[in-house]
Amino acid sequence: MDSIHWTAHRKAFALAPDKRAHCALIIGVIITGIASLINAIGFVTPYWVEQSTYIKGRLNFDSVGLWRMCLRGYSHPQFPEFRFDGCEWVYSRSFYYIRSQLVPDWFVAVQLFMTFGFAIINLFLPLVIVFWIVRSKVKKKALATVITIATGLLIAAVLFNGIGLAVFGVKWQDPNWLDSPQWHNLSWSFILSAVGTFLLLCGQVCFLFMLLSTRRHLKKAYQAVPRQEDQTAEPSTETALQDTEL
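Report on the accompanying structure. Within each chain, residues carry numbers counting from 1 in the order of the written sequence. The model is predicted, so local features are restricted to residues of pLDDT at least 70 and side-chain atom pairs to those at 80 or more, both for listing and for counting; the totals for chains, interfaces and linings are taken over all residues. Side-chain metrics in this entry use all non-hydrogen atoms of the structure; hydrogen atoms and water are not considered.

**Overview of empty space enclosed by the protein**
Then comes step 1: In this analysis the probe radius is 1.4 Å and the grid spacing 1 Å, with only protein atoms considered; a cavity is a set of points the probe fits into but cannot get out of, a pocket is an open set with protein on both sides within 12 Å along at least five of seven lines, and lining residues have an atom within 4 Å of a point. Grid points are joined across faces, edges and corners, and a volume is the space filled by probe spheres set on the points. Applying the stated criterion to the full structure yields one cavity of 30 Å³ or more.
Then comes step 2: Within this model, the largest cavity holds a volume of roughly 40 Å³.
Then comes step 3: As for the largest cavity, its lining consists of Asn39, Phe43, Met114, Gly117, Phe118, Ile121 and Asn161.
Then comes step 4: Note on conventions: DSSP H or I runs of at least 4 residues are helices, E runs of at least 2 residues are strands, and numbering of each starts at the N terminus. The leading source of residues in the lining of the largest cavity is helix α4 (residues 105-134), at four residues.
Then comes step 5: Ten residues, namely Ala, Val, Leu, Ile, Met, Phe, Trp, Tyr, Cys and Pro, are considered nonpolar, four, namely Asp, Glu, Lys and Arg, are considered charged, and the remaining ones, Gly among them, are considered polar. Class assignment for the residues of the lining of the largest cavity results in four nonpolar, three polar and no charged.

Structure (structure tokens):
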């Protein structure tokens, strides 16, 4: 019975191949790989905000990233005797006295959301690689499960990144955080993160299309199984009647 079930299962897929779903899979993998690389660059580089080119080098904030800030003669109102120059990790000891000013609560929230998104993408990539290697060697039901997990991971990554980018886009001009925000601009690291998140969304659409197509084919395959079993059962019934008559 199991062999008949699996044979019918494979025949149903052989009779109804979906080239569009296969193309969606390939495009989704390529887009997601590119998006992951772009997101990684935006995540680690310190150029989410930069000074305007018209006054380059004249303000306290030279450039700002999620994890690294470049300051030029910056001093905290409560500690005017300390001046900070150079680029440092935002949680380094050098910024101990001014960390509450440099890393407000909303900035920590952005870091958390972007970190969650980045971690999920790193979990997704090995899953996609394994899926790509074994896609022709395992049952379609297992592949559908893998695609479902991958699509769910992409949805979560897009949500986390989207929330983090939205919060930063709203709050980065806060005058309590950034000195003279009108003379600063969102820079290429932020733009890369936004583009990478948009590409993740496109990859998610491709995987969702592949998932729906795979489930549709699975349904057709299972519907074909009873017909196959009936066809194999009919000869045996006729043979049994003939034996009874004899």
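**Brief notes about the state of the cysteines**
Then comes step 1: To count as a disulfide, a pair of cysteine sulfur atoms needs to be within 2.5 Å. Enumeration according to the criterion identifies one disulfide in this entry.
Then comes step 2: For Cys70, the disulfide goes to Cys87, at an S-S distance of 1.9 Å. On the S-S bond that ties Cys70 to Cys87, the torsion sits near 110°, and the link is right-handed. Of this pair, Cys70 sits in strand β3 (residues 68-76) while Cys87 sits in strand β4 (residues 79-89), and the two are 17 residues apart along the sequence.
Then comes step 3: Here Cys202 is not cross-linked by a disulfide; its sulfur's nearest cysteine counterpart is in Cys206, at 7.3 Å.
Then comes step 4: Exposure classes here rest on a 1.4 Å probe applied to the protein chains alone. A residue is buried below 20% of its type maximum, exposed above 50%, and partly exposed in between. On the accessibility criterion, Cys202 (25% relative accessible area) is partly exposed.
Then comes step 5: Classification of Cys206 by relative accessible area gives buried; the value is 15%.

**Thoughts on the environment of Asn161**
Then comes step 1: Mapping Asn161 onto the fold places it in helix α5 (residues 140-171).
Then comes step 2: Separated by 50 residues in the primary sequence, Asn161 and Gln111 have C-alpha atoms spaced 9.8 Å apart.
Then comes step 3: Here a polar contact is recorded for every N or O atom pair within 3.5 Å, except that within protein the pair must consist of a potential hydrogen donor and a potential acceptor, and residues adjacent in sequence are included only if both atoms are side-chain atoms. Side-chain polar atoms of Asn161 contact the side chain of Thr197, separated by 3.4 Å.

**Thoughts on the nonpolar core**
Soluble globular proteins tend to bury their nonpolar side chains together.
Then comes step 1: Among buried residues, those of type Ala, Val, Leu, Ile, Met, Phe, Trp, Tyr and Cys that are joined through side-chain atoms within 4.5 Å constitute a nonpolar core. If you look at the biggest cluster of nonpolar residues, it comprises 25 residues, and the most contacted ones within it are Met69, Leu102, Phe168 and Trp177.
Then comes step 2: Every element with two or more residues in this core is listed here: β2 (61-64), β3, α4 and α5.
Then comes step 3: Pairs of residues are marked as contacts when any of their non-hydrogen atoms sit within 4.5 Å. Dropping the residues within four chain positions of it, Leu102 is found in contact with Phe61, Met69, Leu71, Tyr74, Phe95 and Trp177.
Then comes step 4: Judged by nonpolar contacts, the second largest core, of 21 residues, contains Ala21, Ile147, Leu199 and Met210.

**Details of a nonpolar patch on the surface**
Then comes step 1: Taken together, the side chains of Leu37, Ile41 and Trp188 make up a nonpolar region of the molecular surface, amounting to roughly 290 Å² of accessible area.
Then comes step 2: Checked against the element boundaries, Trp188 lands in helix α6 (residues 188-245).
Then comes step 3: What makes Trp188 partly exposed here is its relative accessible area of 38%. A patch consists of residues whose relative accessible area exceeds 30% and which take part in no salt bridge; residues with like charges are grouped when within 9 Å of each other, and nonpolar side chains (Val, Leu, Ile, Met, Phe, Trp, Tyr) when within 5 Å. For accessible areas, the Shrake-Rupley method is used with a probe of radius 1.4 Å. Any residue's cover is judged against the shown protein chains and nothing else. Just to be clear on terms, a salt bridge is a Lys or Arg side-chain nitrogen sitting within 4 Å of an Asp or Glu carboxyl oxygen.

**Some points on the packing of aromatic side chains**
Then comes step 1: Pairing of aromatic rings covers Phe, Tyr and Trp, the last counted by its six-membered ring, and requires centre-to-centre distances within 6.5 Å; plane angles under 30 degrees mean stacked, over 60 mean edge-to-face, and any other angle means tilted. Evaluated as defined, the whole model comprises 15 aromatic pairs.
Then comes step 2: Seen in terms of ring centroids, Trp48 and Phe168 are 5.0 Å apart; in terms of plane orientation they differ by 80°. Their pairing is edge-to-face. Of the two residues, Trp48 is situated in the loop between α2 (19-44) and β1 (49-51) and Phe168 in helix α5; the sequence distance between them amounts to 120 residues.
Then comes step 3: Look at Trp48 and you get buried, because its relative accessible area is 0%.
Then comes step 4: A network of ring pairs unites the aromatic residues Trp48, Trp106, Phe107, Phe168, Trp177 and Phe190 as a single cluster.

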